[in-house]
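Structural characterization, general
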Amino acid sequence: MSAAVGAERPQVVSHAQQALSYTVFDCKWVPRSARLLCLGSAARGTGLIQLYELHGARLELLREIEKPKPIKCGTFGATSLQQRYLATGDFDGNLNIWNLEAPEIPVYSVKGHKEIINSIDGVGGLGIGEGAPEIVTGSRDGTVKVWDPRQNDTPVANMEPVQGESKRDCWTVAFGNAYNQEERVVCAGYDNGDIKLFDLKTMSLRWETNIKNGVCSVEFDRKDINMNKLVATSLEGKFHVFDMRTQHPTKGFASVSEKAQKSTIWQVRHLPQNRDIFMTSGGSGSLHLWKYEYPAQRSKKDSEGSEMGVAGSVSLLQNVTLSTQPISSLDWSPDKKGLCVCGAFDQTVRVLIVTKLNKI
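Each chain carries its own residue numbering, running from 1 in the written order of its sequence. Local features in this predicted model are restricted to residues of pLDDT 70 or higher, and side-chain atom pairs are both shown and tallied only at a pLDDT of 80 or more, whereas totals for entire chains, interfaces and linings draw on every residue. To obtain the side-chain values, all non-hydrogen atoms of the structure were used and water was disregarded.

Under the convention used in this document: UniProt positions are given in the numbering used here, feature names are shortened, and annotations may be inferred rather than shown by experiment.
As recorded in an unreviewed UniProt entry, the protein chain goes by the name Dynein axonemal assembly factor 10, listed as coming from Oxylabes madagascariensis. The heading Function (unreviewed entry) in the UniProt record of the protein chain holds the text "Key assembly factor specifically required for the stability of axonemal dynein heavy chains in cytoplasm." The record held by UniProt for the protein chain lists under Subcellular location (unreviewed entry) the comment "Dynein axonemal particle".

Brief notes about the sheet that holds strand S14 (residues 170–176)
Put simply, the rule reads: One bridge is not enough; two strands pair if DSSP finds at least two bridges between them. Secondary structure follows DSSP: runs of H or I at least 4 residues long count as helices, runs of E at least 2 residues long count as strands, and numbering of each begins at the N terminus. Every axis corresponds to a line fitted to the C-alpha atoms, with the helix fit spanning only the stretch in contact, and the corresponding angles, defined between N-to-C directions, vary from 0 to 180 degrees.
Taken together, four strands build an open sheet; the order of strands is S14-S15-S16-S17 and the sheet is antiparallel. Edge positions in the open sheet fall to S14 and strand S17 (204–210), since each of these has one partner strand only. Strand-to-strand twist in this sheet, taken as the mean axis angle between neighbours without regard to direction, amounts to 20 degrees. In terms of strand pairing, S14 meets strand S15 (residues 185–190) through six bridges, oriented antiparallel. When the bridges of S15 are listed, Ala174 appears paired with Cys187.

Concerning the nonpolar core
To be explicit about the condition: Grouping buried Ala, Val, Leu, Ile, Met, Phe, Trp, Tyr and Cys residues that are joined through side-chain atoms within 4.5 Å yields what is termed a nonpolar core. Here's how the labels work: a residue is buried when its accessible area is under 20% of the maximum for its type, exposed when over 50%, partly exposed in between, all with a 1.4 Å probe on protein chains only. The contact rule is simple, with two residues in contact once any of their heavy atoms fall within 4.5 Å.
One finds Met279, Leu287, Leu289 and Trp332 to be the most contacted residues of the largest nonpolar core, which totals 18 residues. Once you skip the residues sitting within four places of it in the chain, Trp332 turns out to touch Trp29, Arg269, His270, Leu271, Pro272, Met279, Leu289, Gly338, Leu339, Cys340, Val354 and Leu357. In this structure, Leu36, Ala42, Val349 and Val351 belong to the second largest nonpolar core, which totals 17 residues.

Regarding the UniProt feature "repeat: WD" (unreviewed entry) in the protein chain
The sites that carry the UniProt feature "repeat: WD" (unreviewed entry) are, in the present numbering, residues 135–157. In the segment residues 135–157, helix accounts for 0% and strand for 43%; the C-alpha atoms at its two ends are 10 Å apart.

Let's talk about the pairing of strand S30 (residues 348–354)
Among the seven residues that make up S30, six are buried, leaving the element largely enclosed by the rest of the structure. In the sheet, strand S1 (residues 12–19) pairs with S30 via seven bridges, with the strands oriented antiparallel. The residue of S30 that forms the bridge with Ala16 is Val351. In the sheet, strand S29 (residues 339–344) pairs with S30 via six bridges, with the strands oriented antiparallel. Residue pairing across strands places Val341 opposite Val351, the latter belonging to S30. Here S29 hands over to S30 after three residues, with Gln347 in that stretch at a positive phi of 60 degrees.

What to know about the pattern of salt bridges
Close approach of charged atoms allows side chains with opposite charge to pair. Here is the rule: In the sections that follow, a salt bridge refers to a side-chain nitrogen of Lys or Arg positioned within 4 Å of a carboxyl oxygen of Asp or Glu.
Following the criterion strictly, the structure yields 22 salt bridges and no others. The partner of Glu183 in a salt bridge is Lys201, with the nearest N and O atoms 3.0 Å apart. One end of the pair, Glu183, is in the loop between S14 and S15; the other, Lys201, is in the loop between strand S16 (194–199) and S17, with 18 residues separating them in the sequence. For Glu183, a relative accessible area of 13% puts it in the buried group. Several salt bridges share partner residues, and in doing so they unite Asp221, Lys229, Arg275 and Asp276 into one network.

Focus: the layout of surface pockets
Filter applied, for reference: Residues are said to line a cavity or pocket when one of their atoms sits within 4 Å of a point; the points come from a 1 Å grid over protein atoms alone, cavities being sets where a 1.4 Å probe fits but cannot get out and pockets being open sets with protein on both sides within 12 Å along at least five of seven lines. Grid points are joined across faces, edges and corners, and a volume is the space filled by probe spheres set on the points.
Counted as a void, the second largest pocket has a volume near 280 Å³. Along the walls of the second largest pocket sit 19 residues, with Glu160, Pro161, Glu165, Lys196 and Phe198 positioned nearest its centre. Only strand S13 (157–159), S16 and S17 provide two or more residues apiece to the lining of the second largest pocket. Ranked by residue count, the leading element in the lining of the second largest pocket is S16, at four residues.

Okay, structure coming up:
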């Protein structure tokens with residue numbers, strides 16, 4: 001691992017912060033706006049959605065919406081830029097879609113899982129990715145389900161343990177490969193270190209591996225292109241970058257791993273404007289900014305003549321410690337390069353500006 005050169009290194013600047021009176025589990029920028037959402041759990045066991053607007057270095061609370069169950073995760077990914085509907089997963093296994101202009105009753109609701117929905121992702125909306133507007137949910141009940149909000153009550157795909165296989169807690173899900181109307185994959189990470197790649201076109205398990213420690217977060221560098229790279233973060237401070245362009249018949253995808261810190265890496269998020277830069281957030285209250293460097297050749301032939309991928313390398317651009325508590329959620333602004341929001345278990349939401357990203 002090499003560090004970036006001194007003067008040109010990006011800086012991570014804390015721009016605005018807001019103390020919260022509840023536990024925040026997820027933060028999201030509202031697309032095409034200076035607004036952000038905090039999702040979480042109030043002390044009395046209800047769910048909260050707070051909408052803030054950024055005014056200079058100040059966050060102004062515009063609206064607070066209380067719901068019966070604590071909210072664990074949210075996404076705008078399956079909706080159009082015009083609608084900007086928010087899909088959420090809660091502690092009771094419910095998938096709800098909200099119109100934030102009229103949030104009293106969900107526009108779509110389904111009891112998706114028997115237990116908490118840990119992770120959610122959307123695709124086909126926001127102009128990102130081809131094909132149907134779909135939402136994927138991963139739950140403690142061991143299942144990963146794909147939903148099309150235009151179809152009532154029944155998932156369009158349900159990935160569950162095969163008979164005789166023990167049920168594993170699914171901690172993280174992500175869409176990828178949505179570059180045309182037909183292609184689409186879901187990646188899921190589990191508490192025992194399993195990573196599974198489901199092909200939604202063929203409705204089959206395309207690839208699986210195990211990184212030996214609970215998988216906290218997975219994300220493709222972009223959802224709307226031919227699979228390129230996938231980052232998976234783990235419970236013991238390591239992350240793995242898989243080159244997803246070349247799948248070897250037996251060895252799968254080539255990868256490089258990096259021990260980023262001693263504590264859990266809760267999240268990974270790629271910079272929307274540059275897919276080779278990504279940020280990880282940690283259990284020690286720190287953020288690390290990374291850059292992926294491609295190898296001279298991305299594939300080579302093995303002794304049998306099969307194509308196999310070649311992994312690149314990662315370099316640390318910057319790191320900063322913001323909190324004494326884990327930073328559990330992270331989201332880049334899709335519109336303003338270098339603007340990001342993070343939520344931590346010190347019950348604070350922070351807006352950050354990362355400088356000099358255009359010089360990397």
